[in-house]
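Structural features, examined
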Amino acid sequence: MAELAAATIEPQAGPPPELDTLIRHVQAYNPQADAALVRRAYEYSARMHRGQKRRSGEPYVTHPLNVALIIAELRLDMPSIVTGLLHDVVEDTGASLDEVQSLFGGEVARLVDGMTKVSKITFSSREEKQAENFRKMVIAMAHDIRVVLIKLADRLHNMRTLNHLPPDRQEEISRETLEIYAPIAHRLGIYWLKSELEDCAFRYLNPSAYAMLKAQVAKKRAEREEYIRGVIDILARRLKDGGVNAEVTGRPKHFYSIHTKMQQEEVGFDEIYDLVAFRIIVPTLRECYEALGIVHANWKPIPGRFKDYIALPKPNMYQSLHTTVIGPRGQRMEVQIRTREMHEVAEHGIAAHWSYKEGRGPSQMRDAERFAWLRRLIEWQRNLNDPEEFLSTVKDDLFAEEVFVFTPRGDLLDFPQGATVIDFAYRIHSEVGHHLAGARVNGRMVPLRYRLKSGDTVEAITSERQSPGKDWANHVVTARAKSRIRQWLRQQQAERSLELGVSLLDRELEPLGLSVAQLRAKGRFESALKEFSQRDVDGLLAAVGYGLVTPAQALAKVLTPDELKLYRGEKPAALAADREPPKSREARRQSPGNAVIVSGVGDMLVRFARCCSPLPGEAITGFITRGRGVTVHLAGCPHALATDPQRRVPVVWKADEATPRPIRLEVLCVDQPGLLAAMSKAIASAGVNISTAEVKTTGVDGRALSFFELRVTNAAQLNNLMHSIAAIDGVMRVSRMGLRNGAARHRL
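Residues numbered from 1 in each chain as written. Predicted model: local features only at pLDDT ≥ 70, side-chain atom pairs only at ≥ 80, totals over all residues. Heavy atoms only, no water.

This part covers the overall build of the protein. The secondary structure content of the protein amounts to 30 helices and 22 strands. Residues counted as buried form 50% of the 748 residues belonging to the protein. If you sum the accessible surface of the protein, you get close to 35900 Å²; carbon and sulfur atoms cover 49% of it. (Helix = DSSP H or I, 4+ residues; strand = E, 2+ residues; numbered from the N terminus. Buried < 20%, exposed > 50% of the residue type's maximum accessible area, 1.4 Å probe, protein only. Areas by Shrake-Rupley, 256 points an atom, 1.4 Å probe, with all protein chains shown as cover.)

Have a look at this one:
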């Protein structure tokens, strides 16, 4: 991390003891490792970082050395170790990539270049930038997974030394670690690294909870260690008696996992009983299940807490048996059972399978499914054009627990929890998803919103007449399904908008004897594309249909001056004296219902929303309704606020508008003779006509409800009328209602 480098101090006189430790670690799992190469890389790094120090005051070279030590814990190859020592030299010193390549080879140079690019990624609060940067990390991961493994090692050491940064940076980096890097470590199967990242981040994001939990754990440390030793002895003895040769270990759970469990179950620390996890490592697969039988025979298993990740491995190929039982002293204890090979995968994750040869790229994996998650990431970054949508779907998948289902042919597919049969259909093929009409789960018909459960056998049923509904996106969780549904809906919307745009323009052009087809054939629309920021003519016509561009605005850019004058009802000079121009647009299409001006013109097809029944004098807004022109709502109408902002258009009342408009009043009053007559008289005195009237008693405290549908000229007339009715003795409340659903909007 570049910000941890600061002013000058003299470098150490000689190589530190950590360098020898690094070489021993590497040679322990790779006896052919070139110790001289490691020393040469360290010396080069120390020389290039000479004069730099960390915020802690240590020489900066201690950081790459510790990163290399973490990489050695991951048991990565020699190019990765060397890259760990050199990962900051190009970014933070005067070293060039060409120099690194000449000294350490092309493979190391490519990894250092990848690290330099990834290190520039900052997950800021600005979502779009954050999303685009994360996309770059995914591409780097696809190119060479070692880049991200080295980045995780770099992040872990920075988290271990985060106490030297100011509090605001501690919190920012910790949140980024918890949201992005720890889940990546989890997905890559490196659980020890994931747990330490989480605990470090927890320490700075919630210091009071961390300190309290640490104190509580420390308080019972002796008791817990005694318990662990006792259970290990019992487990080892019972397994040996059962003929199973096993290695048994126990460890306390990490602080963050304990805190998360306390939050999820809403319990205190004293109510968390399974604070210890025990691990049984056996030589063979058969002995995994034998050990499970011995554990369950000796302690009562807790229903619903057994998971067989051996038969159904996680996408990163993690395999283990998990069970929770009521152990000694009545305490819950979690037991994990696996082979030595499975344990290597669990400890080192994807790194345990990632082998390299000098000067060559990654070798083929024994099992391509180990990289299913990575392949999905690459597919998403290619198909999702919106960076924020990409980041959102990736985060969802990073945190998701898996559900495993079968196809009718017996193929096993994994999905995040909450996935539905629609997700399943799109996983099979996009066309299967687009035409999904139903599904059978375990031979039984289920609705499309059915949520998949592990072990389900799912069969998709398709129909050529079926297509995605607008609500489908609300019933899927996978990125593939979301993106395919949105693409389909956008395409259908574009086609409808194009058709409507052509229809609207043809109607405008008809009095001129012109059509969209004629103007398009002459290339007249091309000149307007730049004006309206459209890439092609179809886009411009669709924008008209969608309401982003009005017909008048579009035609003003494509008609000739004389055609434009005719369109506006003016008489051009070239017109013969005995010919009259076509009627103006207002004259052609003006109607008594056209009481408003839309986007500066008064010739649009207009209708008034019955949910709010706007009146002249009230603030209004317009909404483009497909095939029905503009719907006018009150400015604060909830239905208007819920509409697509891109389809809203400014509207104003005409200055001389005096056409009576329908409204509905509800009057709550005392149930007594003469009140209906008094209210009718007040309405008539205001010069307002009653269209319908309805009276009914409420059956509560002698009250009655009266409903009047009236026709009033403007808001002022309505307000005066409501005050007149409210002043009648016996009237308790006067409410204005929507014509459609009767919801009260204004009361006196």
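Another aspect to go through is the side chain of His 49. Within the fold, His 49 resides in the loop between α2 (35-48) and α3 (62-73). When near neighbours in sequence (up to four residues on either side) are disregarded, His 49 contacts Tyr 60, Asp 88, Val 89, Asp 92 and Thr 93. (Contact = heavy atoms within 4.5 Å.)

Ranked by internal contacts, the top residues of the largest apolar core, which has 61 residues, are Leu 22, Leu 86, Val 100, Phe 104, Leu 152, Leu 193 and Leu 197. Non-local contacts of Leu 86, meaning those with residues more than four positions away in its chain, are made with Ala 41, Tyr 44, Ser 45, Val 100, Phe 104, Val 108 and Val 112. (Core = buried A, V, L, I, M, F, W, Y, C linked by side-chain atoms within 4.5 Å.)

We now examine the packing of helix α1 (residues 17-29) against helix α4 (residues 78-86). The contact between α1 and α4 brings their axes to 12 Å, and the two run at 165°. For the element pair α1 / α4, the angle class is roughly antiparallel. Helix-helix and strand crossings are classified by hand; for α1 and α4 the assignment is right-handed. When α1 is examined against α4, the residues Leu 22, Val 26 and Tyr 29 are found in contact with a partner set consisting of Met 78, Ile 81 and Leu 85. Among the residues making up the contact of α1 with α4, the classes are represented as 6 nonpolar, no polar and no charged. (Axes fitted to C-alpha atoms, helices over the stretch in contact; angles between N-to-C directions. Parallel < 35°, antiparallel > 145°, perpendicular 65-115°, else oblique. Left-handed = near helix turned anticlockwise from the far one by under 90°. Nonpolar A, V, L, I, M, F, W, Y, C, P; charged D, E, K, R; others polar.)

Put simply, helix α21 (residues 479-509) and helix α24 (residues 537-546) touch, their axes get as near as 6 Å, and they point 80° apart. Viewed along their axes, α21 and α24 adopt a mutual orientation that is roughly perpendicular. Residues Gln 493, Ala 494, Ser 497, Leu 498, Leu 500, Gly 501, Val 502, Leu 504 and Leu 505 of α21 form the contact with α24, whose own contacting residues are Asp 538, Leu 541, Ala 542, Val 544, Gly 545 and Tyr 546. In terms of residue class, the contact of α21 with α24 is built from 10 nonpolar, 4 polar and 1 charged.

For Val 244, the position within the fold is in the loop between α13 (221-241) and β1 (247-252). For Val 244, a relative accessible area of 4% puts it in the buried group. Taking the C-alpha atoms as reference points, Val 244 and Pro 283, separated by 39 residues in sequence, lie 8.9 Å from one another. The contacts of Val 244, once residues within four sequence positions are left out, are Leu 239, Val 282, Glu 287, Glu 290, Ala 291 and Ile 294.

Here we take up the environment of Leu 197. Mapped onto the elements, Leu 197 comes out in helix α11 (residues 191-205). For the pair Leu 197 and Tyr 181, spaced 16 residues apart in sequence, the C-alpha to C-alpha distance is 7.8 Å. What Leu 197 contacts, discounting residues up to four positions off in sequence, is Leu 152, Arg 155, Leu 156, Met 159, Thr 177, Tyr 181, Ala 182 and Ala 185.

Another aspect to go through is the pattern of salt bridges. Under the defined criterion, the tally for this structure stands at 17 salt bridges. With its nearest N and O atoms 2.5 Å apart, the salt bridge here joins Glu 618 to Arg 736. Of the two residues, Glu 618 is situated in the loop between β13 (606-608) and β14 (620-625) and Arg 736 in strand β21 (residues 731-737); the sequence distance between them amounts to 118 residues. On the basis of relative accessibility, which here comes to 3%, the residue Arg 736 falls in the buried class. Here the salt bridges share partners, and the residues they tie into one network are Asp 77, Glu 107 and Arg 146. (Salt bridge = Lys/Arg side-chain N within 4 Å of Asp/Glu carboxyl O.)

Our next topic: α2. For α2, built from 14 residues, the straight-helix expectation of 20 Å at 1.5 Å per residue is met to within 8% by its first-to-last C-alpha distance of 20 Å. Of the positions making up α2, those classed as buried are Leu 37, Val 38, Ala 41, Tyr 42, Tyr 44, Ser 45 and Ala 46. Turning to α2, the residues buried within the fold contact α1, α3, α4, α5 (89-92) and α6 (97-104). Backbone nitrogen of Ala 36 and a side-chain oxygen of the N-cap are separated by 3.1 Å at the start of α2; the cap is Asp 34. (Expected span 1.5 Å × (residues − 1). Polar contact = N/O pair within 3.5 Å; in protein donor to acceptor, adjacent residues only side chain to side chain.)

So, on to the packing of aromatic side chains. Across all of its chains, the model carries 5 aromatic pairs by this definition. Geometrically, the ring pair formed by Tyr 44 and Phe 104 is edge-to-face, given 5.6 Å between the ring centres and 65° between the ring planes. Of the two residues, Tyr 44 is situated in helix α2 and Phe 104 in helix α6; the sequence distance between them amounts to 60 residues. Centre to centre, the rings of Phe 415 and Phe 424 are 6.3 Å apart; their planes meet at 40°, and the pair counts as tilted. The exposure class of Phe 415 is buried, given its relative accessible area of 1%. The exposure class of Phe 424 is buried, given its relative accessible area of 2%. Aromatic rings pair up to connect Phe 202, Tyr 210 and Tyr 256 into one cluster. (Phe/Tyr/Trp six-rings, centres within 6.5 Å; stacked < 30°, edge-to-face > 60°.)

In this section: the confidence of the model for the protein. Where the model shows low pLDDT, its predicted coordinates should not be examined in detail. Averaged over the protein, the pLDDT score is 77; the fraction of residues at 70 or greater is 78%. In this model, residues 354-371 is a region of pLDDT below 50 whose contacts with residues beyond four sequence positions or in other chains number 34 contacts. (pLDDT = per-residue confidence, 0-100.)

Moving on, we get to the sheet that holds strand β10 (residues 444-446). Spatial ordering of the open sheet is given by β10-β9-β11, a layout of 3 strands whose pairing is antiparallel. The sheet terminates laterally at β10 and β11 (458-462), the two strands that pair on one side only. The average angle at which neighbouring strand axes cross in this sheet is 35°, direction not considered. Both strand β9 (residues 436-441) and β11 contribute to a ladder of 5 bridges, which runs antiparallel. Note that in β11 the partner of Arg 440 across the bridge is Glu 459. The sheet strands contacting helix α19 (residues 421-428) are β9, β10 and β11, and the helix crosses β9 at an angle near 105°. (Pairing = 2+ DSSP bridges.)

Before going further, it helps to examine α4. Along an α-helix, residues three or four apart share an orientation, since each turn contains 3.6 residues. Counting buried positions over the 9 residues of α4 gives 9, a clear majority of the element. All of the buried residues along α4 are Met 78, Pro 79, Ser 80, Ile 81, Val 82, Thr 83, Gly 84, Leu 85 and Leu 86.

Here we come to unusual backbone geometry. Backbone geometry places Arg 75, a non-glycine residue, at a positive phi of 60°. Tracing the sequence through the fold places Arg 75 in the loop between α3 and α4. The phi dihedral of Ser 613 is positive, around 45°, even though this residue is not glycine.

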